[in-house]
Amino acid sequence: LKRLGLHANQNLRMALLALMEKTGYNMVQENGQRKYGGPPPGWKGPAPPRGCEVFVGKIPRDLYEDELVPLFERAGRIYEFRLMMEFSGENRGYAFVMYTNREAAQRAIQMLDNYEIHPGKFIGVCVSLDNCRLFIGSIPKDKRKEEIMEEMTKVTDGVVDVIVYPSSTDKSRNRGFAFVEYESHKGAAMARRKLIPGTFQLWGNSIQVDWAEPEKDVDEEVMQRVRVLYVRNLMLSTGEETLRQEFSRFKPGCVERVKKLTDYAFVHYRSRADAVTALSLMNGAQIDGATVEVTLAKPAGVKEGGTAGGRRYNTNRGHQGGSAGGGGGRNGMLVLHRSDAGMMGGAGRTLPLPSRLGSPFYSGGGEEVSQ
């Protein structure tokens, strides 16, 4: 019972013991969180895949698993319920619920987001993103990807990739930051914990470290209709007419229009098939001496993976770390995701990103989303 932090609350103790006896789930408190399940009784095989976990916010501080678990079980079978706890025994106002499948997680969002759990008390529910990527700032601009990879592998474990964006004016130099991908969320969390104190240096520089903003999934059916390409790593001097010519070389007249913004652009095609063909031909191509990266653009204003735009909360704290696509968060916006020790990733300090980072999102009306 002491491991559950229940030695001082007789009523809660009895309620949680009754819940465990009824469901057969185990419960343990560690590292500032109380974990119910993970795995549930009789579970065989690996943990559920990405997209099965939801974040629950604005939980009344005197509400616990005896009420929360039955409520969230309405949406489907729970794999693991993690309630964040204060030393005093109160909850910290938020929790993470992992279901055994994505459909149950989506049902929980639809059923319980803005649900009145107590009179006048409404909880918020959204997708939780299991982040494996860190933003590393204040990197010397003359360092190449291979050098950064070698250095990060020396000082942290589990590095699988380093993403570096070249300067838009000098492609032999980086932009002073990189994204480091780890093999697991736990590996990224341990690396962040090691690097974040501010005393850690790379090449004699004190570096900045924070969670990168996870790239949000857009519904697969929506992406199957996209006929717009997102092109980045362009030279500032490259014009829209040059892009039109290069991206329609395989079929003159197939490009409907081009919109260039600093060192990235959107190329709109008349048909989906032409966009897919151009994607395969142009990704990695050379334009005006720059090797360009090309992906399908993501429609803005659509529900991403069943959530309202990934559910961003206004924190007025500046930019969050850049996305996997290279785009930073909007001003004052923060995406909630899992972090080490059960805390909300990025809920504290956030790092400003260089303004010249594009976003792969565009609107159906043709106005591209830029920083």
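Source: prediction; values computed, not measured. Numbering of residues starts from 1 in every chain and runs along the sequence as written. Residue-level local features of this predicted model are given only where pLDDT is at least 70; pairs of side-chain atoms are given and counted only at 80 or more, and the full residue set underlies all totals for whole chains, interfaces and linings. The basis for every side-chain value is the complete set of heavy atoms in the structure, and neither hydrogens nor water enter the calculation.

Student: Mind laying out the packing of aromatic side chains, listing which residues take part and the relevant values?
Tutor: Stacked, tilted and edge-to-face are the three classes assigned to paired rings of Phe, Tyr and Trp, where Trp is represented by its six-membered ring and a pair needs centres within 6.5 Å; plane angles under 30 degrees give stacked, over 60 edge-to-face, the rest tilted. If you walk through the whole model with that rule in mind, you get 13 aromatic pairs. Ring plane angle 35° and centroid distance 5.7 Å describe the contact between Phe135 and Phe177, whose orientation is recorded as tilted. Pair noted here: Phe135 is in strand β8 (residues 133-137) and Phe177 is in strand β10 (residues 174-182), with a separation of 42 residues, a long-range link. Of the two residues, Phe135 and Phe177, neither departs from the other in class, the shared state being buried. Ring-pair connections join several aromatic residues into one group, and the members of that group are Phe135, Tyr165, Phe177 and Phe179. In this description a helix means any DSSP run of H or I spanning at least four residues, a strand means any run of E spanning at least two, and both kinds are numbered starting from the N terminus. For every residue, the accessible area obtained with a 1.4 Å probe (protein chains only) is divided by the maximum for its type, and the residue is called buried under 20%, exposed over 50%, and partly exposed between those limits.

Student: Describe the pattern of salt bridges, naming the residues involved and giving the relevant values.
Tutor: Whenever a carboxyl oxygen of Asp or Glu lies within 4 Å of a side-chain nitrogen of Lys or Arg, that contact is scored as a salt bridge. A full pass over the atoms with the stated rule returns 16 salt bridges. Here Arg133 ties to Glu181 by a salt bridge, and the two come within 2.5 Å at their closest N and O atoms. One end of the pair, Arg133, is in strand β8; the other, Glu181, is in strand β10, with 48 residues separating them in the sequence. Classification of Arg133 as buried rests on a relative accessible area of 15%.

Student: Account for helix α1 (residues 10-23), naming residues and giving values.
Tutor: By this rule the span expected of a helix is its residue count minus one, scaled by 1.5 Å. Here α1 is 14 residues long and its end C-alpha atoms lie 20 Å apart, about the 20 Å a rise of 1.5 Å per residue gives. Of all the residues in α1, the buried ones are Leu12, Arg13, Leu16, Leu19 and Met20. End-on view of α1: buried residues confined to an arc of 130°, all on one side of the axis. The outward face of α1, more than 90 degrees from its buried face, is lined by the exposed residues Asn11, Glu21 and Lys22. Buried residues belonging to α1 abut β1 (27-30), β2 (33-37) and α2 (65-72). Looking one or two residues beyond α1, the residue adopting positive phi is Gly24, at roughly 80°. Read the arc as the range of directions from the helix axis to the C-beta atoms. For this analysis, residues touch if any pair of their heavy atoms sits within 4.5 Å.

Student: Can you tell me about the sheet that holds strand β14 (residues 228-232), naming the residues and giving the values?
Tutor: With respect to topology, four strands assemble into an open sheet ordered β15-β16-β14-β19, the strand pairing being antiparallel. Of all strands in the sheet, those with a lone pairing partner are β15 (255-261) and β19 (293-296), marking the two edges. For this sheet, the mean inter-axis angle between neighbouring strands, taken without regard to orientation, is 20°. Here a strand pair is declared whenever DSSP counts at least two bridges between the two strands. With six bridges connecting them, β15 and strand β16 (residues 264-269) associate as antiparallel partners. Bridge pairing in β16 links Lys260 to Ala265. Running at roughly 135° to β15, helix α7 (residues 240-247) makes contact with β14, β15, β16 and β19 of the sheet. Interaxial angle, 0 to 180 degrees, is taken between N-to-C directions of lines fitted to C-alpha atoms, where a helix line uses only the stretch in contact.

Student: Describe the sheet that holds β8, listing the residues and the values that go with them.
Tutor: One open sheet holds the four strands; their spatial order is β9-β10-β8-β13, and the pairing between them is antiparallel. In this open sheet, the two strands that pair with only one neighbour each are β9 (159-166) and β13 (208-211). Looking at each pair of strands side by side, their axes are set apart by 25° on average, direction ignored. With four bridges connecting them, β8 and β13 associate as antiparallel partners.

Student: Run through the nonpolar core, naming residues and quoting values.
Tutor: For this analysis, a nonpolar core means a set of buried residues of the types Ala, Val, Leu, Ile, Met, Phe, Trp, Tyr and Cys, connected via side-chain atoms within 4.5 Å. In this structure, Phe72, Phe81 and Tyr99 are the most contacted members of the largest nonpolar core, which totals 34 residues. Of all elements in the fold, only α1, β3 (53-57), α2, β4 (78-85), β5 (91-99), α3 (102-112) and β7 (121-127) reach the threshold of two or more residues within this core. The biggest single contributor to this core is α3, with five residues. Apart from the residues lying within four places of it in its own chain, the contact partners of Phe81 are Arg34, Lys35, Tyr36, Glu65, Leu68, Val69, Phe72, Ala95, Phe96 and Val97. Core analysis: the next-biggest nonpolar cluster, separate from the first, contains 27 residues, Val228, Tyr264, Phe266 and Tyr269 among them.

Student: Explain the confidence of the model for the protein chain to me, and be specific about the residues and the numbers.
Tutor: Residues shown with low pLDDT carry predicted positions that ought not to be read at fine detail. Confidence of the predictor in every single residue is expressed as pLDDT, which spans 0 to 100. Mean pLDDT for the protein chain: 78, with 75% of residues reaching 70 or above. Note that residues 302-356 has pLDDT below 50 and, in this model, 188 contacts with residues that lie over four places away or in other chains. Every residue in residues 365-371 is under pLDDT 50, and counting partners more than four places away or in other chains gives 26 contacts.

Student: Lay out the side chain of Lys260 in plain terms, naming residues and giving numbers.
Tutor: By the secondary structure assignment, Lys260 is in strand β15. For the purpose of counting charges, residues Lys and Arg are taken to be positive, whereas Asp and Glu are taken to be negative. His and the chain ends are not included. Among buried Asp, Glu, Lys and Arg side chains, Lys260 stands out as unpaired, with Asp263 the closest opposite charge at 7.4 Å. Nitrogen and oxygen atoms within 3.5 Å of one another constitute a polar contact, given that in protein one can donate a hydrogen and the other can accept it, and given that sequence-neighbouring residues count only through two side-chain atoms. Of note is the side chain of Lys260, whose polar atom sits 2.8 Å from the backbone oxygen of Thr262. Contact partners of Lys260, with chain neighbours within four places excluded, come to Leu234, Met235, Leu236, Thr238, Glu240, Leu243 and Ala265.

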